[in-house]
Amino acid sequence: MCNAETVEHGPELSVIVPCYNEHGNIKLLYHALLKALIGIDWEVIYVDDNSPDDTMHHVWELSQKDRRVRGLMRFDRRGLSSAVIEGVLSSSAPYIAVIDGDLQHDETKLSEMLDSVKQRHCDIVVGSRHIEGGQATGLANRWRHFLSNKGIWLAQRVMPKPIKDPMSGFFLFKREIFIQQLPKLSGKGFKILLDLLMACPAETKIKEIPFQFRSRNFGKSKLDLQVMIQFIGMLLQKLTKNQFPLAFLSSLGMVICGVLINFLCFKLGLRVKFTPMVSQFIGALGTSYLGTIIYTHKCGLHQKKFKKLSFYALCLVGVYFNTKLTLYLFQSGLSFNQGSLIGAGLGMIWFEWLIAYFGSIR
């Protein structure tokens, strides 16, 4: 029978760290939390999507030295939002913080964020790069600045309770708030904060505090075109009150994006005096490249070589039939624009099917 003196209370704060290929940052973040959370009963839960760089082994090494460190490794599942959800559900702490594993978020703000929620000033505290005192200089390049800014602009147009930085990945909340809204969360994509804020009732109190977004030390950003397409799909799902599955909206967004890439390349080819068929071929290669980006994101970089080569070969088959179909439509009397759009649409549907098929086999 256990003596009362040996019973330890659970943590007051759980810090959820979704990570993928962050082996170089695991121990650095842990030591940063040690300094930032003095006087707070805390734990950190690294949720790893089976990184091929042995991220989880570094977590396990730390957990043998400090029981406040826990690791949750997911197999055959990817995505920041679902990782955060599983991390929250694995904890019983009354307060939860979400922070990226790349050290770009300012962990020294966590105690201030916790105090704001504990003193009932708010239910959710968001670390903001876009209020006075905040900075987003750590974004890697103009492309990331563009994607982030456009994402914020879109989110602010549809949110019932707009905030300055709805795309932030750094926030703290009462666990009960999250659990209450859990059935409404899509669990898809990379913007779990936006998903949560759009699910919360109007009376939910939200506060923003400024922080300076730092440059990444190791690894590379996960923000890319497909993340933005998933983000737009999530916005559409919320606007249609979950009438359409997010997978359907994301796939539709991929098809539309692929068709636009194909068509724009086609028009550019005509402008520089290429023949219609050469222009369509270039456009089809553009959609094929988009397909490979999506496949790599969904299925990971560590797929078997034969499987990857098979996927790429079938992508080239799609390029061929896209071009041949467009030629047939031209010869049947359709305009160049009409033929190009139809060929691109069917070609992108082919790529979507390939991605779904190869993503389902092991």
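Reading guide: rules and limits
Residues numbered from 1 in each chain as written. Predicted model: local features only at pLDDT ≥ 70, side-chain atom pairs only at ≥ 80, totals over all residues. Heavy atoms only, no water. Helix = DSSP H or I, 4+ residues; strand = E, 2+ residues; numbered from the N terminus. Contact = heavy atoms within 4.5 Å. Axes fitted to C-alpha atoms, helices over the stretch in contact; angles between N-to-C directions. Parallel < 35°, antiparallel > 145°, perpendicular 65-115°, else oblique. Nonpolar A, V, L, I, M, F, W, Y, C, P; charged D, E, K, R; others polar. Pairing = 2+ DSSP bridges. Buried < 20%, exposed > 50% of the residue type's maximum accessible area, 1.4 Å probe, protein only. Right-handed = clockwise from strand over helix to strand, strands pointing away. Core = buried A, V, L, I, M, F, W, Y, C linked by side-chain atoms within 4.5 Å. Salt bridge = Lys/Arg side-chain N within 4 Å of Asp/Glu carboxyl O.

Let's talk about the environment of Ile 131
- Tracing the backbone shows Ile 131 in the loop between strand E5 (124–128) and helix H5 (142–158).
- Distance in space between the C-alpha atoms of Ile 131 and Ile 209 is 7.6 Å, their sequence separation being 78 residues.
- Beyond its immediate stretch of four places on either side in the chain, Ile 131 contacts Lys 164, Glu 208, Ile 209 and Pro 210.

So, the packing of helix H1 (residues 26–36) against helix H2 (residues 55–65)
- In the contact formed by H1 and H2, the axes pass within 9 Å of each other and the chain directions differ by 40 degrees. Between H1 and H2, the crossing angle belongs to the class labelled oblique. Within the contact between the two elements, H1 uses Ile 26, Lys 27 and Tyr 30 and H2 uses Thr 55, His 58, Val 59, Glu 61 and Leu 62.
- Here the contact of H1 with H2 is built from residues that sort into 4 nonpolar, 2 polar and 2 charged.

Quick notes on the sheet that holds strand E6 (residues 171–174)
- The strand order across the open sheet formed by 7 strands is E3-E2-E1-E4-E6-E5-E7, and the pairing between neighbours is mixed. Only two strands of the sheet have a single partner each, and these edge strands are strand E3 (69–73) and strand E7 (206–210). The sheet shows a mean angle of 20 degrees between the axes of neighbouring strands, direction not considered.
- Taken together, the 3 bridges between E5 and E6 define a ladder with antiparallel strand orientation. Its bridge partner being in E6, Val 125 is matched across the sheet by Leu 172.

Brief notes about the pairing of strand E2 (residues 42–48)
- Counting buried positions over the 7 residues of E2 gives 7, a clear majority of the element.
- Side-chain alternation along E2 places Trp 42, Val 44, Tyr 46 and Asp 48 on one buried face and Glu 43, Ile 45 and Val 47 on a second face that is also buried.
- When strand E1 (residues 13–19) meets E2, the two strands line up parallel, connected through 7 bridges. Pairing of Leu 13 across the sheet is with Trp 42, part of E2.
- With H1 bridging E1 and its parallel neighbour E2, the resulting β-α-β unit is right-handed.
- Across 5 bridges, E2 lies against E3 in parallel orientation.

Here we look at the nonpolar core
- Within the largest apolar cluster, 33 residues are counted, with the highest numbers of intra-cluster contacts made by Leu 13, Val 15, Leu 37 and Tyr 46.
- When contributions to this core are tallied by element, the ones reaching two or more residues are E1, H1, E2, H2, strand E4 (95–98) and helix H4 (110–118).
- No other element matches H1, which puts 5 residues into this core.
- Beyond its immediate stretch of four places on either side in the chain, Val 15 contacts Leu 33, Leu 37, Glu 43, Val 44, Ile 45, Ala 97, Ile 99 and Leu 110.

A look at the pattern of salt bridges
- Tallied over the entire structure, the rule returns 10 salt bridges.
- A salt bridge links Glu 86 to Arg 74; its shortest N-O distance comes to 3.0 Å. Here Glu 86, found in helix H3 (residues 80–89), pairs with Arg 74, found in the loop between E3 and H3; they are 12 residues apart in sequence, far enough to count as distant.
- As a salt-bridge pair, Arg 214 and Glu 107 come within 2.6 Å of each other at their nearest N and O atoms. With Arg 214 in the loop between E7 and helix H8 (225–239) and Glu 107 in the loop between E4 and H4, this residue pair connects regions lying 107 residues apart in the sequence.
- On the accessibility criterion, Arg 214 (29% relative accessible area) is partly exposed.
- By relative accessible area, which is 8% here, Glu 107 ends up buried.
- Through salt bridges that share partners, Asp 49, Arg 74 and Glu 86 make up one connected network.

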